[in-house]
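Coordinate analysis (summary)
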Amino acid sequence: MNPKTFFGELKRRNVYKVAVAYLVAGWALAQGVAQVLPVFSVPNWVIQLLVVLIILGLPVALGLAWAFELTPEGLKRTDEVDEATAAAHKKRAWLYVVIASAFVSIGLFFLGRYTATPAQHAAVDTSVKSIAVLPFENLSDDKQNTYFADGVQDQILTNLGRVSELRVISHTTVRQYKSGEPRNLREIGRQLGVTHILEGSVQRARDRLRINAELIDARTDSHIWAETYDRTAADLFAIQSELAQSIVTQLKAKLSPQQKAEIEERPTQDLDAFELYLQAKTIIDSYINATDVRAALLQALKSLDEAIKRDPNFVSAYCYVARANDLLYFFDLDATPERITLAENAVNNALRLRPDSAEAHFARADYLFRCLRDYDRALEELAIARPGLPNSTPFFILSGYINRRRNHFADAERDFSTAFAIDPRNPNAYNLLADTYMLERRLMDTVHVYDNVLAAGETVPIVRFRRTASILYATGDAGPVRDVLTKYPEMEFAGGQTPFRVWMAILDHDYAAAEKFLAESPLKDFQDIDLSFYFPKSWYEAMIAREKGDAAKATAAFRECREILAQRLLVKPEHARTIAVLAQVDAALGKKDLAIREAQHAIDLMPTSKDIYDGALVLEGLAQVYTWTGDRDRAIETLQKLQMMPGYTNYGRLKLHPLWAPLRGDPRFEKIVASLAPKGQTK
């Protein structure tokens with residue numbers, strides 16, 4: 001067959017028309033797949049497979065067009081069809097295909113466009129240069145190198161985080177998107193509110209190192225840059241610096257000379273020390289998730305001590321030694337003078353080695369806040385550190401902590417909102433933002449924070465627990481939180497749920513269940529509502545016995561609790577919160593005058609003018625002392641003060657908690673409760 005005859009035959013058999021129609025229909029279908037399937041969280045590989053199948057279908061369609069003809073009587077072999085009879089039908093048929101394809105394309109586009117429910121995800125602000133650096137995949141034969149791969153990703157993220165023109169999602173959040181698992185990058189981009197995502201892999205063999213990195217536009221899932229670095233392991237930090245600067249260039253962000261110098265600086269000369277540091281850093285950054293916070297922090301300190309032995313000039317390691325000791329002291333997990341000394345020495349070493357280090361000045365601010373409660377000097381150190389830590393979640397959390405305690409709630413809300421924006425899966429960030437709204441009695445805003453956390457992909461039950469607990473505080477409706485506690489019977493998070501289970505059982509007068517919940521918990525201490533004070537188990541044993549009417553057992557449990565609190569005060573003698581709880585215990589033991597003196601001493605140590613946060617908590621302790629000693633007038637007078645300041649004195653707790661049972665029925669108390677009720681609800 002000569003070429004002229006061949007092309008004529010292609011035309012006669014409608015191969016050209018089928019090609020055009022298939023391309024139009026295939027394009028429409030591919031557009032629909034790309035628009036609609038991400039709405040249902042379909043993995044990218046499925047979407048890519050469907051597009052490939054559409055492409056592979058083209059030669060199949062052309063082959064069928066050559067061999068067969070569509071006629072009014074159905075599908076027939078081309079050789080059997082009368083050309084004149086089929087001509088008019090052919091023209092109409094292909095026109096219908098093109099029109100139908102256009103409608104399908106438009107319909108699928110709008111289906112995907114308007115079923116994406118953008119309100120359920122972080123808004124992607126395209127005016128801001130934003131990026132998430134996801135965990136790199138470990139391709140090494142030795143799987144022990146997983147920490148090394150995590151460290152490569154962590155350091156690249158840290159380097160990018162120094163660039164003030166970028167919004168960089170922090171470590172805690174991106175760790176959730178584990179390597180080796182299918183990733184829907186568009187969905188991740190929507191969840192985190194970023195325009196770009198960096199993925200990569202690390203392969204280490206003896207002293208050789210290969211790092212692959214790929215920058216992706218999360219809005220379109222298009223690959224815009226990639227690079228492979230094949231060098232010796234000794235070049236690790238140089239690779240990380242080069243890679244970060246390449247990303248800055250690709251995103252068209254400005255890099256100041258100071259930022260460039262910081263990115264190019266090696267954190268340590270010892271790779272083994274670096275790996276030990278990374279292990280400890282991961283533990284300390286996520287301490288709030290630990291079942292045993294004290295044990296976790298001590299393990300981290302052990303790794304950091306080994307890292308410093310290998311490299312005595314490791315500034316970042318000293319900073320994290322200080323932070324771990326600060327936390328142990330602040331949360332009364334080891335509130336000894338030795339902890340303060342260890343923290344102070346670590347800070348001094350970091351600043352001796354790098355007087356201009358933003359990280360070291362932040363470490364000093366943290367030490368001043370947690371160990372010395374010197375808020376003014378802590379803020380001075382934060383002001384020095386701020387330019388060098390534009391994307392630091394711990395920085396904004398500490399700034400928010402201090403602003404909140406100084407009664408600067410607007411500033412605290414701004415700080416915690418920033419922390420949540422750059423680290424939406426960080427429990428510290430979202431809990432503190434939610435807690436700030438709770439203190440302001442904006443409890444439905446607290447619920448909304450947890451709605452956003454769930455929309456960002458968080459799945460841990462504790463988020464649902466705290467969301468429903470906020471509903472209880474706002475409305476007095478215990479139903480949702482009961483449902484969550486029932487659905488997740490094994491949930492235990494630093495003791496926060498056991499007290500709630502006990503509370504719900506007491507409301508039902510099911511004291512056997514309350515005792516069972518308490519006995520089954522392996523913990524000896526349980527966090528209070530504000531997650532900063534640990535009540536001994538004997539406190540809850542006493543509360544159950546008191547509600548049960550077993551005076552002898554309640555007295556024995558309160559005496560045991562008193563001994564524990566007295567031991568704590570030997571270590572930390574002027575701790576206002578401990579003294580306030582001790583006062584409540586003495587009130588329950590019938591020591592009215594002593595209890596009132598203790599409660600007043602706690603207030604003198606921590607007045608609301610110095611610290612509105614702890615000040616309100618110890619003032620509430622005084623109100624409970626008055627309540628338990630029968631002095632209704634002064635109890636209600638103190639509650640009236642509390643309702644006028646930020647604090648945890650809210651509708652649900654006053655209405656339902658057994659602590660306030662002696663005041664119920666008093667019209668003045670009921671008026672306070674009604675004033676805190678949600679609009680339209682006065683009972």
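Described in the following lines is the structure provided in the data block. (Residues numbered from 1 in each chain as written. Predicted model: local features only at pLDDT ≥ 70, side-chain atom pairs only at ≥ 80, totals over all residues. Heavy atoms only, no water.)

**With respect to the overall build of the protein chain**
- Each helix and strand counted, the protein chain has 31 helices and ten strands in total.
- The proportion of buried residues among the 683 residues of the protein chain is 54%.
- In the protein chain, 63% of the contacts between residues at least 6 apart in sequence involve partners at least 24 apart. (Helix = DSSP H or I, 4+ residues; strand = E, 2+ residues; numbered from the N terminus. Buried < 20%, exposed > 50% of the residue type's maximum accessible area, 1.4 Å probe, protein only. Contact = heavy atoms within 4.5 Å.)

**Quick look at the packing of helix 14 (residues 358-370) against helix 16 (residues 393-405)**
- Interaxial distance between helix 14 and helix 16 falls to 11 Å at its minimum, and their mutual angle equals 35°. For the crossing formed where helix 14 meets helix 16, the hand is left-handed. Where helix 14 approaches helix 16, its residues F362, A365, D366, F369 and R370 are matched on the opposing element by P394, F395, L398, Y401, I402 and R405.
- A per-class count over the contact of helix 14 with helix 16 returns eight nonpolar, no polar and three charged. (Axes fitted to C-alpha atoms, helices over the stretch in contact; angles between N-to-C directions. Left-handed = near helix turned anticlockwise from the far one by under 90°. Nonpolar A, V, L, I, M, F, W, Y, C, P; charged D, E, K, R; others polar.)

**Concerning the nonpolar core**
- Core analysis: the biggest nonpolar cluster contains 202 residues, and L160, L198, I211, F500 and W539 have the highest contact counts within it.
- With twelve residues, helix 12 (residues 315-330) is the largest single contributor of residues to this core.
- Dropping the residues within four chain positions of it, I211 is found in contact with F136, V152, S201, V202, E227, T228, Y229, L236, I239 and L243. (Core = buried A, V, L, I, M, F, W, Y, C linked by side-chain atoms within 4.5 Å.)

**Side note on the environment of A580**
- If you trace the backbone, A580 turns up in helix 26 (residues 576-588).
- By relative accessible area, which is 4% here, A580 ends up buried.
- Placed 21 residues apart in sequence, A580 and H601 show a C-alpha to C-alpha distance of 8.3 Å.
- With residues near it in sequence (within four places) discarded, A580 still touches A602 and V618.

**Observations concerning helix 25 (residues 551-571)**
- Here helix 25 contains 21 residues, and its C-alpha end-to-end distance of 31 Å stays within 8% of the 30 Å for a straight helix at 1.5 Å per residue.
- Those residues of helix 25 not exposed but buried are A554, A557, F558, C561, R562, L565 and L569. Seen along its axis, helix 25 keeps its buried residues to an arc of 150°; they face one direction. Projecting away from the buried face of helix 25 at angles above 90 degrees are the exposed residues A552, R559, E563 and L570. (Expected span 1.5 Å × (residues − 1). Arc of directions from axis to C-beta.)

**With respect to the packing of helix 19 (residues 443-455) against helix 20 (residues 461-475)**
- At their nearest, the axes of helix 19 and helix 20 sit 9 Å apart, and the two run at 165° to each other. By the angle class used here, helix 19 and helix 20 are roughly antiparallel. Judged by the sense of rotation from one axis to the other, the crossing of helix 19 with helix 20 is left-handed. Together, L443, M444, T446, V447, Y450, D451, V453 and L454 of helix 19 and V463, R464, R466, R467, S470, I471, Y473 and A474 of helix 20 make up the contact between the two elements. (Parallel < 35°, antiparallel > 145°, perpendicular 65-115°, else oblique.)

**A short note on the pairing of strand 7 (residues 208-217)**
- As judged from the ten bridges shared by strand 6 (residues 196-205) and strand 7, these two strands associate in the antiparallel manner. Note that in strand 7 the partner of A205 across the bridge is R208.
- Between strand 6 and strand 7, which pair antiparallel in sequence order, lie two residues; one of them, R206, sits at a positive phi of approximately 55°.
- Pairing between strand 7 and strand 8 (residues 222-232): ten bridges, direction antiparallel. When the bridges of strand 8 are listed, L209 appears paired with R231. (Pairing = 2+ DSSP bridges.)

**Concerning helix 24 (residues 537-548)**
- A rise of 1.5 Å per residue sets the reference length of helix 24, with its twelve residues, at 16 Å; its end C-alpha atoms lie 17 Å apart and thus fit the reference within 8%.
- In the stretch just after helix 24, G549 is the one whose phi turns positive, near 90°.

**Topic: a nonpolar patch on the surface**
- A cluster of nonpolar side chains, L49, L50, V52, L53 and L56, forms an exposed patch at the surface whose accessible area comes to about 420 Å².
- For L50, the location among the structural elements is in helix 3 (residues 44-67).
- Note on L50: relative accessible area 33%, which makes it partly exposed. (Patch = residues over 30% accessible without salt bridge, like charges linked within 9 Å, V, L, I, M, F, W, Y side chains within 5 Å. Areas by Shrake-Rupley, 256 points an atom, 1.4 Å probe, with all protein chains shown as cover. Salt bridge = Lys/Arg side-chain N within 4 Å of Asp/Glu carboxyl O.)

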